[in-house]
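Okay, here's what each chain looks like letter by letter:
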Amino acid sequence: MSFKPIKITNQADGVTVIDIEGEIGVPEELQFEEPESRVATYRKFKDMVGSIAQIRSPKVLVNIRSTGGDVGDAMLIYDALCSLDAEITTRCWGYVASAATIIAQAASTGLREISSESLYLIHRSVSRVEGDAESMQHNAELLAKTDAQIASIYAERSGRAVEEFERLMSENEGMGRWLTPEEAIEAGLVDRVVERETQRRGFGQRIRAAVGRLFGKLGGEDSPQIPHTYEARSNVRATTPKVQTTVDMMRRAQQLAQPTSLTEIEDPDVGDVRQSFNEAAYDRDAENFRIQ
């Protein structure tokens, strides 16, 4: 897995988006060698959660794309999310497994979502240990308690018996079993599937809203403004006649834009600073997008 920092974005519509990708936490052997690669450690995440608390965001969307990592860090992130005074939606993308599924349980009631193309995995905890028989026994006891704690989180959020999740985690000699979105819902691990069409429609409407705000800024007070509305379950902004007006403006601007072309240029003299042909072409296109 790759190391990626947790990213927090405060959107104009009052929704805070948290992106968690790659490995949860950082292996101990890397914590002092590559400080910049530290990812979901609680200290860094606590600082980020503090910034969310300051803006009093009423809605939080947590995008999760991770196949796991450190269980301890995942539980700390889970606790931090649960402590927020906000409506929290967790949305799983791609392969989501192991410790990442603990974070996914931090959603508000009914808001544990999963992409229709995702796969979901829970399993018994794993660790590596060196030492004598007593050390091995101590580690085995810790793993058993960790499994019980994880199963209790799944059970609490799903309203089902702990034994159901203990059995699912123990399949394939403790390696668990990859679940489709429908199977994950049946198991009580997620609440709803985000269909591809819903994702595409939501993305398109976000683009139209952004373009509308751009034209409103460039065109003055009389330019159409896009209202910011948010629907918790679908994450889709409402379409209005003003949105369609903005789309028509965008299409007219596109018709006025000149295609970008590439032209060879001789090497400039030392110290000579000039704008590249690509940059100049982009600037011309931007000027043509300014609707009078």
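Rules used throughout
Residues numbered from 1 in each chain as written. Predicted model: local features only at pLDDT ≥ 70, side-chain atom pairs only at ≥ 80, totals over all residues. Heavy atoms only, no water. Helix = DSSP H or I, 4+ residues; strand = E, 2+ residues; numbered from the N terminus. Buried < 20%, exposed > 50% of the residue type's maximum accessible area, 1.4 Å probe, protein only. Contact = heavy atoms within 4.5 Å. Areas by Shrake-Rupley, 256 points an atom, 1.4 Å probe, with all protein chains shown as cover. Salt bridge = Lys/Arg side-chain N within 4 Å of Asp/Glu carboxyl O. Core = buried A, V, L, I, M, F, W, Y, C linked by side-chain atoms within 4.5 Å. Polar contact = N/O pair within 3.5 Å; in protein donor to acceptor, adjacent residues only side chain to side chain. pLDDT = per-residue confidence, 0-100. Phe/Tyr/Trp six-rings, centres within 6.5 Å; stacked < 30°, edge-to-face > 60°. Pairing = 2+ DSSP bridges. Axes fitted to C-alpha atoms, helices over the stretch in contact; angles between N-to-C directions. Parallel < 35°, antiparallel > 145°, perpendicular 65-115°, else oblique. Left-handed = near helix turned anticlockwise from the far one by under 90°.

Peer 1: Mind showing me how you'd approach the overall build of the protein chain here?
Peer 2: Looking only at helices and strands, one finds nine helices and eight strands in the protein chain. Evaluated residue by residue, the protein chain yields a buried proportion of 40% over its 292 residues. When contacts within the protein chain are restricted to residue pairs at least 6 apart in sequence, long-range pairs at least 24 apart make up 68% of them. If you sum the accessible surface of the protein chain, you get close to 17200 Å²; carbon and sulfur atoms cover 50% of it.

Peer 1: In this structure, what is going on with the pattern of salt bridges? I would like to understand it.
Peer 2: Per the counting criterion, the structure on display carries eight salt bridges. Between Glu 21 and Arg 65 there is a salt bridge, and its shortest N-O distance comes to 2.8 Å. Of this pair, Glu 21 sits in strand β2 (residues 15-21) while Arg 65 sits in strand β3 (residues 59-65), and the two are 44 residues apart along the sequence. A relative accessible area of 24% places Glu 21 in the partly exposed class. A salt bridge links Arg 124 to Asp 147; the shortest N-O distance between them is 3.7 Å. Of this pair, Arg 124 sits in the loop between β7 (119-121) and α4 (133-158) while Asp 147 sits in helix α4; the two residues are 23 residues apart in sequence, bridging distant segments of the chain. Ionic contacts of the salt-bridge type, sharing partners, join the residues Arg 91, Glu 113 and Arg 192 into one network.

Peer 1: Would you explain the nonpolar core in this entry?
Peer 2: A general trend in soluble globular proteins is that nonpolar side chains are found buried together. Among the nonpolar cores identified, the biggest contains 39 residues, and Leu 81, Tyr 120 and Leu 189 are the most heavily contacted of them. Elements represented by at least two residues in this core include exactly β2, β3, α2 (71-82), β4 (87-92), α3 (99-104), α4 and α5 (162-170). Apart from the residues lying within four places of it in its own chain, the contact partners of Leu 189 are Gln 105, Arg 112, Tyr 120, Ile 122, Tyr 154, Phe 165, Leu 168, Leu 179 and Ala 184.

Peer 1: How do you make sense of the environment of Ser 66 when you look at a structure like this?
Peer 2: By the element assignment, Ser 66 lies in the loop between β3 and α2. Take Ser 66: its relative accessible area is 2%, and that puts it in the buried class. As for Ser 66 and Ile 20, which are separated by 46 residues in sequence, their C-alpha atoms are 7.2 Å apart. Within the structure, the side chain of Ser 66 is placed 3.1 Å from the backbone nitrogen of Gly 68, a separation counted as a polar contact.

Peer 1: When you look at the confidence of the model for the protein chain in this model, what are you seeing that I'm missing?
Peer 2: As a note on interpretation, predicted positions should not be read in detail where pLDDT is low. On average, the protein chain scores 75 in pLDDT, and the residues at 70 or more come to 58%. With pLDDT under 50 throughout, residues 218-239 is counted as low confidence; its partners more than four residues away or in other chains account for 54 contacts.

Peer 1: Just checking my understanding: could you explain the packing of aromatic side chains for this structure?
Peer 2: To describe a pair of aromatic rings, you give the distance between the ring centres and the angle between the ring planes. Inspection of every chain in the model, using the stated rule, returns two aromatic pairs. Geometrically, the ring pair formed by Tyr 95 and Trp 178 is tilted, given 5.0 Å between the ring centres and 40° between the ring planes. Pair noted here: Tyr 95 is in strand β5 (residues 95-97) and Trp 178 is in the loop between α5 and α6 (181-186), with a separation of 83 residues, a long-range link.

Peer 1: Would you explain the sheet that holds β3 in this entry?
Peer 2: Strand pairing in a sheet relies on backbone hydrogen bonds. The paired strands run either parallel or antiparallel. Read from one edge of the open sheet, six strands run β1-β2-β3-β4-β6-β8, paired in mixed fashion. Pairing within the sheet leaves two strands with one partner each, and these edge strands are β1 (7-10) and β8 (192-194). Shown here is a sheet whose adjacent strand axes are inclined to one another by a mean of 25°, direction ignored. With seven bridges connecting them, β2 and β3 associate as parallel partners. Within the sheet, the bridge partner assigned to Ile 20 lies in β3 and is Ile 64.

Peer 1: Sorry if this is basic, but what is going on with the packing of α2 against α4 here?
Peer 2: For any two helices packed against each other, one specifies the inter-axial angle together with the distance between the axes. One way to put it is that α2 packs onto α4 with a least axis distance of 12 Å and a crossing angle of 30°. When the axes of α2 and α4 are compared, the pair comes out roughly parallel. Of the two possible hands of crossing, α2 and α4 adopt the one that is left-handed. On α4, the residues that touch Val 71, Met 75 and Tyr 78 of α2 are Thr 146, Gln 149, Ile 150, Ile 153 and Arg 157.

Peer 1: Got a minute to help me understand unusual backbone geometry in this structure?
Peer 2: Most peptide bonds take the trans configuration, and most residues that are not glycine carry a negative phi. At Asn 172, a residue that is not glycine, the phi angle is positive and equals roughly 55°. Among the structural elements, Asn 172 can be located in the loop between α5 and α6. By relative accessible area, which is 53% here, Asn 172 ends up exposed. A positive phi angle, close to 55°, is found at Glu 173, a residue other than glycine. Here Glu 173 lies in the loop between α5 and α6.

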